[in-house]
Amino acid sequence: AILQPCSSQAKDLMPSSSVADSAPSSATEIGRSVERLYSTIESRRGADASSSWTAKLFAKGRGKIAQKVGEEATEVVIDAVAGNRENVVKESADLWYHLNVLWADMGITPTDVFTELSQREGQSGVSEKNSRSAE
């Protein structure tokens, strides 16, 4: 797992201590947290790869970024099957981070993804899936 709260690789993404001390509790705070993460990721584009894990991922390219998304998703699955809730939370944070790096690399914003989710709201999963297979 890449993003552990005390890992050296995570330090370039850690918010100020006042923000890190309290977990977001409302939709507004969660939205701000998502925006801060994405903004921080974007700010690492072109940064020194020797001092930033995010910059290193950007430098290695989309293939490596996508590989990391797959690795983290697999870790979530393994921990979920094992019933390890704590690790699912931690690995999900890693997956969320790596997805955001991939989105940034592809010019996709969290707003793009949430807009897609919003468009699906109220639609049954079966209907939504059938509509995609018709495309």
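Look up a bit, the structure's there.
These figures come from a predicted structure and were not determined experimentally.

What counts, and at which threshold
- Residues numbered from 1 in each chain as written.
- Predicted model: local features only at pLDDT ≥ 70, side-chain atom pairs only at ≥ 80, totals over all residues.
- Heavy atoms only, no water.
- Salt bridge = Lys/Arg side-chain N within 4 Å of Asp/Glu carboxyl O.
- Helix = DSSP H or I, 4+ residues; strand = E, 2+ residues; numbered from the N terminus.
- Buried < 20%, exposed > 50% of the residue type's maximum accessible area, 1.4 Å probe, protein only.
- Axes fitted to C-alpha atoms, helices over the stretch in contact; angles between N-to-C directions.
- Parallel < 35°, antiparallel > 145°, perpendicular 65-115°, else oblique.
- Left-handed = near helix turned anticlockwise from the far one by under 90°.
- Contact = heavy atoms within 4.5 Å.
- Nonpolar A, V, L, I, M, F, W, Y, C, P; charged D, E, K, R; others polar.
- Phe/Tyr/Trp six-rings, centres within 6.5 Å; stacked < 30°, edge-to-face > 60°.
- Lys NZ or Arg CZ within 6 Å of the ring centre and 35° of its normal.

1. Looking at the pattern of salt bridges
Within this structure, the stated rule accounts for five salt bridges. Residue lysine 68 pairs with glutamate 71 through a salt bridge whose shortest N-O separation is 2.9 Å. Of this pair, lysine 68 and glutamate 71 both sit in helix H4 (residues 62-81), three residues apart, which is roughly one turn of the helix. Given a relative accessible area of 8%, lysine 68 falls into the buried group.

2. Some thoughts on the packing of helix H3 (residues 53-60) against helix H5 (residues 85-106)
Taken N-terminus to C-terminus, the directions of H3 and H5 make an angle of 50°; their axes are 11 Å apart at the nearest point. With respect to H5, the element H3 is oriented oblique. Judged by the twist between their axes, the crossing of H3 over H5 is right-handed. Contacts between H3 and H5 pair Trp53, Thr54, Leu57 and Phe58 from the former with Tyr97, His98, Val101, Ala104 and Asp105 from the latter. Partitioning the contact of H3 with H5 into residue classes produces six nonpolar, two polar and one charged.

3. Structural notes on the packing of aromatic side chains
Given two aromatic rings, their pairing is described by the distance between the two centres and the angle made by the two planes. Per the counting criterion, the structure on display carries two aromatic pairs. Aromatic pair tryptophan 96 and phenylalanine 114: ring centres 6.3 Å apart, planes at 45°, arrangement tilted. Here tryptophan 96 is found in helix H5, whereas its partner phenylalanine 114 is found in helix H6 (residues 110-120), with 18 residues between them in sequence. Assessed through its relative accessible area of 41%, phenylalanine 114 is described here as partly exposed. By the ring-pair criterion, three or more aromatic residues cluster together here, those being Trp96, Trp103 and Phe114. Over the aromatic face of phenylalanine 58 sits the side chain of arginine 45, whose NZ or CZ is 4.5 Å from the ring centroid.

4. Side note on the packing of helix H2 (residues 27-43) against H5
At a minimum axis separation of 10 Å, H2 and H5 run at an interaxial angle of 55°. Relative to H5, H2 is oriented oblique. Crossing handedness for the pair H2 and H5: right-handed. Counting all contacts with H2, which are made through Val34, Leu37, Tyr38, Ile41 and Glu42, the residues of H5 involved are Trp96, Tyr97, Asn100, Val101, Trp103 and Ala104.

5. Quick word on the environment of tryptophan 96
A relative accessible area of 30% means that tryptophan 96 is categorised as partly exposed. Each C-alpha atom, one on tryptophan 96 and one on valine 34, is 9.5 Å from the other, the two residues being 62 residues apart in sequence. Excluding its chain neighbours within four sequence positions, the residues that come into contact with tryptophan 96 are Val34, Leu37, Trp103 and Phe114.

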